[in-house]
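Remarks on the overall topology
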Amino acid sequence: MNQNWAERQSRMQTRRGKQPPISASEPALRVIMRRLRDIMAEDCNGQAKLDKIVHLIAGVMVAEVCSIYLRRQDNSLELFATEGLNADAVHNTRLKRAEGLVGRCAELNQPINEQNAKSHPAFSYHPETGEEAYQSLLAVPIQKSGQVLGVLVIQNHTEKEYSQEDIEVLQSTAMIVAELFVSGGVAGAQADIEISRSLALVVQGQPISSGIALGHAVIHEPRVAVSKLLSDDLRTDLSRLDNAIAQLRDWIDETLKHEGLSSDGEHRDVLEAYRMFAYDQGWARRMREAVEDGLTAEAAVERVQNASRTQMLKQSDPYWRERAHDLDDLADRLLRILSGRSATKSDGNDFPSDAILIARTMGPAELLDYDSKKLRGLIVEDGSTQSHVAIVAKALEIPAIGQARRIVEQVSIGDAVIVDAQTGEVHLRPSPDVVNAYSDKVRFQARRQEQYRALCGKPAVTADGIEISLNVNAGLEMDMPHVHQSGADGVGLFRTELLFMLAKTFPRAKRQEEAYRKILALAEGKPVIFRALDIGGDKNLPYLKFDPEENPAMGWRAIRLSLDRQGLLRTQIRALLRASEGKQLSMMIPMISTASEMKQVRELIDLELHLMRKRAEPEPSSIKLGAMFEVPSLLFELDALLPLVDFISIGSNDLLQFLYAVDRTNGRVATRYDALSTAPLRFIKQLIHGAANHKVPVTVCGEMAGRPIEAMALVGLGIRSLSMAPAAIGPVKSMILSLDKADFETYLNKLLDQPAHVLREELTSYAKKWGIEI
């Protein structure tokens, strides 16, 4: 074996001696890009070009081995070209899906950097290649539009950890190889997908934005192909890059004024985070430096994005993976601007007025590139209910389905498609009978919306006379008209952090006071519950420093941050007290984990009240202080907590996440556990019972409150106040008006006494039996 290895090394050195000399001062990337351009221009077949590419990379990067693997239809990886491994292994060596470090690179779609590959548990030995002689390995995915086409690998005989520059060089080369594959320039590289595109088909996914849509398929092409990598004029490319960044920032600023997106909600948080990324000087600087290294503006964008993505995907926290999607989205947008393409992807006559957009993956900025008036529905292969594209789809009221595996491979442009974002079903090329059935369903839903609007001025009272308070969630001044338009009783959750996220510097007490006064005035006497500053986690402020956290959802956020930086909380308390002059101030504290935290908040409020009285300043007529119940451990401190509060507000999103130890942004586990299971319902019942002993009311302001079937369960448990999105008021009110609370409470308690199980099917059957609208 050692003799064979030595012979290969001798042959390699002989061949490399024929390469043009490399200047010691010239960056490796620039050398490779220049020589790759020459190879691509040569009059030879695709296989010959691949052979020359691996020979070039091995020589310039001083690697004993450089290999290219192509991903086949069955997800195996075929060795397609090599410099350093046995030549007879080419087209004969295949790795199974996820086999070895190379397979792991393809499966994870991220670089693998191992200084001792042989000792790695995932190492896979194929004797025909002779690779047992090599210690270190660097593999990067060859991808196009997010789809992994293969893997580019270098190896060395000695142990070494490859540098970040090595990774970037290999990623840039992989871009060229991807273009060669998809262009059809390599014989045998085009693997047809053996799926009929003429038969009716149902694909099961996960609803991420409710509704039903009928239309015709449009395939989303997320990325502009970067064909020219080396700059002919650095000054021109720097100018083009600067202009494109300025246009990108202008576009985001204008998007925040969009009719359907200017109001409060998680979609607003997402777009504010986008603005923060777009205005990040470090991001712009790195792209400028890449141009100064000799790349075109387009290639610089792609190089920086590949490097950023690599770093973010090393993190186990889904927060950073979502940030990687955000940066992909921004980079794609920047490439579109540089290419001079239309700002709106739905311009032109070939975009149907009933478009169903289908994509492997999509960010919110890409979704906003399409004309929402022509867009009927959205289907993506990834995504969860808490992904950023889902949040924006909800804001635009576009029915959407995620986790629709391999949908792109099974649909053709123009196919008839039905999106049922209630069941999660996608109907491809449906029969006329299915189309007619769904058309009737859509017409029925339109009639129900008219009925909901007619309920606007009617109180939400159950059939047996129990009144339920229905409130809306808000966060900006422009949200306040929804309180009155929806017929809500008030604002059950006002997210004060939006004011902070929109500001370029920390809002002083006077600025906060003015904003809170305006909100109370627009409420026109209806109650408003202000949530204290809830930042940290995935809601960082550009003017405050936050260290990266492995698990930000359970990290330094909300009240934990505010008690450590008491100046922030005291300034907000002071502003709220002054803004509520002569009125009731209702305020709740997020992420309370112990009763002692609530005691500290009480002391700070008392201190600010004392100072106001010393200055003879007018104060609120009364103060109602509440705790948000999101951390399960608090259930075992009720006797210590409840005397300190005037009400409890359940934040069901975080409560369920922490109760089940499940990341709600992770599509693989987000739907694994049902809110209508005995565990969370028993938990809420126990909390309501404990609070009743202290005469403390309990409200709910999470997503459970806005879905009729879940809201019905909450009412049955004893909840008397719910807060939700304005659009949910009508459906929930309709359910309440048809519900006999006492009868349902008896039925629900019997179910909760049974062994643990999911109650959704039984509750749905009960609603149908008694004509309750859910």
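Above this text you will find the structure in question.
Residues numbered from 1 in each chain as written. Predicted model: local features only at pLDDT ≥ 70, side-chain atom pairs only at ≥ 80, totals over all residues. Heavy atoms only, no water.

1. Details of the environment of Gly490
Our working rule: Numbering of helices and strands runs from the N terminus; a helix is a DSSP stretch of H or I covering at least four residues, while a strand is a stretch of E covering at least two. Each residue's exposure class comes from its accessible area (1.4 Å probe, protein chains only) as a fraction of the maximum for that residue type: buried when under 20%, exposed when over 50%, partly exposed otherwise. Two residues qualify as a contact provided that any one of their heavy atoms is within 4.5 Å of a heavy atom in the partner residue.
Tracing the backbone shows Gly490 in the loop between helix 14 (480–485) and strand 16 (491–495). Classification of Gly490 as buried rests on a relative accessible area of 0%. Taking the C-alpha atoms as reference, Gly490 lies 6.5 Å from Val472; in sequence the two are 18 residues apart. If sequence neighbours within four positions are ignored, Gly490 has contacts with Leu470, Asn471, Val472, Val483, Lys526 and Pro527.

2. A look at the nonpolar core
Inclusion rule: Residues enter a nonpolar core if they are buried and are Ala, Val, Leu, Ile, Met, Phe, Trp, Tyr or Cys, with the set joined through side-chain atoms within 4.5 Å.
In this structure, Phe629, Leu641, Ile648, Leu722 and Leu763 are the most contacted members of the largest nonpolar core, which totals 99 residues. The contacts of Leu722, once residues within four sequence positions are left out, are Ile468, Ser469, Leu470, Asn471, Val700, Ala705, Ala711, Leu714, Val715 and Val732. Among the nonpolar cores identified, the runner-up in size contains 87 residues, and Val60, Phe80, Trp283 and Leu330 belong to it.

3. Regarding empty space enclosed by the protein
In this approach the atoms are scanned with a rolling probe the size of a water molecule, which exposes any empty space left behind. Applied cut-off: Buriedness for pockets is judged along seven lines, at least five of which must meet protein on both sides within 12 Å for an open set on the 1 Å grid over protein atoms alone, while cavities are sets there where a 1.4 Å probe fits but cannot get out, and lining residues have an atom within 4 Å of a point. Grid points are joined across faces, edges and corners, and a volume is the space filled by probe spheres set on the points. Under the scheme applied, nonpolar residues are Ala, Val, Leu, Ile, Met, Phe, Trp, Tyr, Cys and Pro; charged residues are Asp, Glu, Lys and Arg; polar residues are all the others, including Gly.
On inspection of all chains with the given rule, the structure shows three cavities of 30 Å³ or more. Of the voids in this model, the largest cavity is the one considered here, and its volume is about 130 Å³. Lining the largest cavity are 14 residues, with Tyr69, Leu95, Val102, Ser124 and Glu131 positioned closest to its centre. Of all the secondary structure elements, the ones that give two or more residues to the lining of the largest cavity are helix 4 (100–108) and strand 6 (147–156). Of the residues belonging to the lining of the largest cavity, the class tally is seven nonpolar, six polar and one charged.

4. Details of the pattern of salt bridges
Test applied: We define a salt bridge as a side-chain nitrogen of Lys or Arg found within 4 Å of a carboxyl oxygen belonging to Asp or Glu.
The tally for this structure, following the rule as stated, stands at 35 salt bridges. The salt bridge involving Glu107 is made with Arg97; its shortest N-O contact spans 3.2 Å. Of the two residues, Glu107 is situated in helix 4 and Arg97 in the loop between strand 3 (94–95) and helix 4; the sequence distance between them amounts to 10 residues. Take Glu107: its relative accessible area is 36%, and that puts it in the partly exposed class. Because the salt bridges share partners, they merge into one network encompassing Lys394, Asp674, Glu703, Arg707, Glu710 and Arg760.

5. Some details on the environment of Ala553
The residue Ala553 is located in the loop between strand 17 (528–531) and helix 17 (558–564) in this model. Residue Ala553 is classed as partly exposed on the basis of its relative accessible area, which comes to 25%. Leaving out residues up to four positions away in the same chain, Ala553 has contacts with Met591, Gln657 and Phe658.

6. Examining the sheet that holds strand 12 (residues 400–402)
For clarity, the cut-off: When DSSP locates at least two bridges between a pair of strands, those strands are taken to pair. A fitted line through C-alpha atoms serves as each axis, taken over the contacting stretch for helices, and the angle formed by two N-to-C directions is quoted from 0 to 180°.
Read from one edge to the other, the open sheet built from eight strands follows the order 7-14-13-9-10-11-12-8, with strand pairing classed as mixed. Only two strands of the sheet have a single neighbouring strand rather than two, namely strand 7 (201–204) and strand 8 (206–209). Ignoring strand direction, the axes of neighbouring strands in this sheet form an average angle of 30°. With five bridges connecting them, strand 10 (residues 355–359) and strand 11 (residues 375–380) associate as parallel partners. Looking across to strand 11, one finds that Ala359 is bridged to Val380.

7. Digging into helix 21 (residues 652–660)
Among all positions in helix 21, only Ser652, Asp654, Leu655, Leu656, Gln657 and Phe658 are buried. Ala661 lies just past helix 21 and shows a positive phi near 50°.

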